[in-house]
Amino acid sequence: MDVIYCLPGYLFSKKPIGHPGSDVFITRGFNNWKKVKDGMNCPLIRHEGKEPNSPHKIAMKCCEDLKNYSRHIDKLIEKQTSKELENNRLRLKTSVKCARWLAFQACAFRGHDESLDSKNRGNFIELIKFTSTFNDKVASVVLENAPRNAKYTSLTIQKEILHILASNVQNAIREEIGDAKFCILVDEAWDESKREQMTIILRFIDKEGFIKERFFHVVHVRDITALILKNEICAVLSHYNLHIENILGQGYDEASNMRGEWNGLQALFLKDCPYAYYVHCMAHRLQLALVTASREVKDVHQFFDHLVNIINIVVGSSKCNDELQHAQAEQVENMIASNEIETGRGANQIGTLQRAGDTRWGSHFQSICSLINMFDATCKVINTISKEEANYKQRGDAEGAYQLRDDGWEPLLASVIAFCEQHEIDIPVMNARYTKGRVKKYYPQDFTEHEQELLESQLQHYELDVIKLPDFQNMSTISELCRGLKISGKSNIYFLIDRLIRLVLTLPVSIATTE
């Protein structure tokens, strides 16, 4: 067209079309070359303008901005979004770490009053505030410095974080189990909201030969019939790809009001997996044995009545409890001075008498042991109370308890302990006839006929080899044997024996003690 145009003006000019001279360099084009040499009246110079904010210079600035890609709006938005993303991640990371700490310490999350003017907004928010005092970056993005829609402190966010953490733990347990056989331990209880909750614990032997019992899941059950319990357990196991046919044992607490349901539950599992043997909780067995003995044997019943009375007298007040600990400390010092006991880190701790609880299996055993360990100190405190206590009832109770010492109940104390210690599991005698019979009776699906014959041969070599090794001389439990075979590498040589031991250990207690 033999004309020139102004590209910045064409792109960015804001003058309305039709304004005098506005469209020469924009729409019509300029070709009046005679006026180019007209000095300051040159149309090119006039179009550029003398003022800093002339339309042409503004258009030129806009054109330069267009070429500057870093100043484009999408780049600015992206830069702003990256900063917000960084702040959100730091904010969420702080909430996750605080939630992990509170969960690990079994602390409550919520507070009674979480408003801004509250002096205690609950453990979760207060822990975030405490964390921010050590990190300015955290302080700049959390709580009041966070956007209203992205604080990551709400009840919903807390629960979501806990569910993710729980899922990660469950996946780690599932990976730890691998293809090993496992045992299910199940119990039920009401929570604070009176909802029926069923806990599922898995017992298995890991690759290194260690016995593991992992708290795996809590399930809310709308009803406690055996079929519903079975379906809920199967749903949890199926979700984590744990096959029912790998269940090798079942363990339930039959002391609850669900005794019939537990019996029905174990029967349902036995239909699907005939080798999912049921073994009653050994700690619960001990408890039931003690209860039965106390009811049927007069001396044992009286002993536990006296034990409860002594504990009430001695630890019933802070003053008497302090005297007990002081007397115990003096006794320990005298015994150390006379070389009757050895010193060491964690040894000779000063404690108190422990109460027995009906639902804490084995607590009676611990209560007896605490009395044995502090017997002389307890007698000294009771004697002091009987003579110096101002309350006549306390003096009378203490004097009656102290007289029992002369009535021959100390031998009874020792005999009750030996009753209690019968729940300990010793390593079974491993011979070919016994073990072969165990395999055919309890684990026929885990050993082929050829492996059963080979197992007998391995046992013969095992008795000549492993039993005589020094490292195996002081082992007293099956779990120690399993671990020892793994460490020494003998589990690769006697792999069928190792398999059998792992199957036995998977049960809540060895079949050897109940056979």
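This structure is a prediction, so every number in the text was calculated from the model and none was measured.

The rules we used
Residues numbered from 1 in each chain as written. Predicted model: local features only at pLDDT ≥ 70, side-chain atom pairs only at ≥ 80, totals over all residues. Heavy atoms only, no water. Helix = DSSP H or I, 4+ residues; strand = E, 2+ residues; numbered from the N terminus. Buried < 20%, exposed > 50% of the residue type's maximum accessible area, 1.4 Å probe, protein only. Contact = heavy atoms within 4.5 Å. Areas by Shrake-Rupley, 256 points an atom, 1.4 Å probe, with all protein chains shown as cover. Expected span 1.5 Å × (residues − 1). Arc of directions from axis to C-beta. Pairing = 2+ DSSP bridges. Patch = residues over 30% accessible without salt bridge, like charges linked within 9 Å, V, L, I, M, F, W, Y side chains within 5 Å. Salt bridge = Lys/Arg side-chain N within 4 Å of Asp/Glu carboxyl O. pLDDT = per-residue confidence, 0-100. Axes fitted to C-alpha atoms, helices over the stretch in contact; angles between N-to-C directions. Parallel < 35°, antiparallel > 145°, perpendicular 65-115°, else oblique. Nonpolar A, V, L, I, M, F, W, Y, C, P; charged D, E, K, R; others polar.

Below, the discussion takes up the overall build of the protein chain. Of the regular secondary structure elements, the protein chain holds 22 helices and 5 strands. Split into buried and exposed, the 515 residues of the protein chain put 37% on the buried side. When contacts within the protein chain are restricted to residue pairs at least 6 apart in sequence, long-range pairs at least 24 apart make up 61% of them. A total of about 31,500 Å² of accessible surface is found on the protein chain, and carbon and sulfur atoms cover 52% of it.

Attention now moves to helix H4 (residues 55-67). The end-to-end C-alpha distance of H4 is 18 Å, a good match for the 18 Å that 13 residues give at a rise of 1.5 Å each. Of all the positions in H4, only His 56, Ala 59 and Cys 63 are classed as buried. Along the long axis of H4, the arc covered by the buried residues comes to 60°, so they all point the same way. In the core, the buried residues of H4 are packed alongside helix H1 (7-12) and helix H3 (43-48).

This part is about the pairing of strand S4 (residues 247-252). In terms of burial, S4 is a largely internal element, 6 of the 6 residues being buried. Relative to S4, strand S1 (residues 182-190) runs parallel, the two being bridged by 5 bridges. If you follow Leu 185 over to S4, its bridge partner there is Gly 251. Note that S4 and strand S5 (residues 277-278) share 2 bridges and pair parallel. Bridge pairing in S5 places Gly 249 opposite Tyr 277.

Before going further, it helps to examine a nonpolar patch on the surface. On the surface, a cluster of nonpolar side chains totalling about 420 Å² of accessible area is made up of Leu 7, Tyr 10, Leu 11 and Leu 66. Per-element accounting of the nonpolar patch gives the leading share, 3 residues, to H1. Structurally, the position occupied by Leu 66 is in helix H4. Given a relative accessible area of 43%, Leu 66 falls into the partly exposed group.

Before going further, it helps to spend a moment on the confidence of the model for the protein chain. Summary statistics for the protein chain give a mean pLDDT of 78 and a share of 82% for residues scoring 70 or more. The element-level mean pLDDT for the protein chain is lowest in helix H17 (residues 409-420), coming to 60, with helix H8 (residues 155-177) highest at 91. The low-confidence segment residues 422-429, where pLDDT is below 50, has 15 contacts with residues more than four positions distant or belonging to other chains. In this model residues 510-515 is a low-confidence stretch, pLDDT under 50, and it forms 16 contacts with partners more than four residues away in sequence or in other chains.

Bringing the pattern of salt bridges into the picture now. Tallied over the full model, the rule gives 15 salt bridges. Where Lys 129 meets Glu 126, a salt bridge forms, and the shortest distance between an N and an O atom there is 3.7 Å. You can see Lys 129 and its partner Glu 126 sitting in helix H6 (residues 123-132), 3 residues apart, about one turn around the helix. A relative accessible area of 31% places Lys 129 in the partly exposed class. With a relative accessible area of 22%, Glu 126 lands in the partly exposed category. The partner of Glu 208 in a salt bridge is Arg 483, and the shortest N-O contact between them spans 3.8 Å. With a gap of 275 residues between them, Glu 208 in the loop between strand S2 (196-205) and strand S3 (211-220) and Arg 483 in helix H20 (residues 478-488) connect regions that are remote in the sequence.

Let us look at the side chain of Lys 230. If you trace the backbone, Lys 230 turns up in helix H9 (residues 226-239). On the basis of relative accessibility, which here comes to 11%, the residue Lys 230 falls in the buried class. Once residues lying within four places of it in the same chain are set aside, the contact partners of Lys 230 are Leu 265, Leu 268, Phe 269 and Asp 272.

Before going further, it helps to spend a moment on the sheet that holds S1. On the basis of which strands lie adjacent, the open sheet formed by 5 strands has the order S3-S2-S1-S4-S5 and mixed pairing. Unpaired on one side and paired on the other, S3 and S5 mark the two borders of the sheet. Across the face of the sheet, helix H22 (residues 495-506) comes into contact with S1, S2, S3 and S4 while running at roughly 160° to S2.

The next thing to look at is the packing of helix H12 (residues 298-315) against helix H13 (residues 318-337). If you want to describe how two helices pack, look at the angle between their axes and the distance between the axes. Where H12 contacts H13, the two axes come as close as 6 Å, and the packing angle between them is 100°. Regarding the angle of H12 to H13, the classification is roughly perpendicular. When H12 is examined against H13, the residues Ile 313, Val 314 and Val 315 are found in contact with a partner set consisting of Cys 320, Asn 321 and Leu 324.

This part takes up the environment of Ala 327. Turning to its location among the elements, Ala 327 is positioned in helix H13. On the basis of relative accessible area, Ala 327 is assigned to the buried category, the value being 7%. Separated by 54 residues in sequence, Ala 327 and Val 381 place their C-alpha atoms 7.5 Å apart. Not counting residues within four places of it along the chain, the set of residues in contact with Ala 327 comprises Ala 377, Lys 380 and Val 381.

Positive phi, close to 60°, is recorded for Tyr 152, a residue that is not glycine. Structurally, Tyr 152 can be placed in the loop between helix H7 (136-139) and H8. On the basis of relative accessible area, Tyr 152 is assigned to the partly exposed category, the value being 22%. One non-glycine residue, Asn 241, lies in positive phi territory at about 55°. The topology assignment puts Asn 241 in the loop between H9 and S4. Taking relative accessible area as the criterion, Asn 241 reaches 46% and is therefore assigned partly exposed.

As a further point, take the packing of helix H19 (residues 449-465) against H22. Contact geometry for H19 and H22: axes closest at 8 Å, N-to-C directions at 100°. Judged by the inter-axis angle, H19 sits roughly perpendicular to H22. For the pair H19 and H22, contact is made by Glu 451, Leu 454, Leu 455, Gln 458, Leu 459 and Tyr 462 and by Phe 495, Leu 496, Ile 497 and Arg 499, respectively. Partitioning the contact of H19 with H22 into residue classes produces 7 nonpolar, 1 polar and 2 charged.

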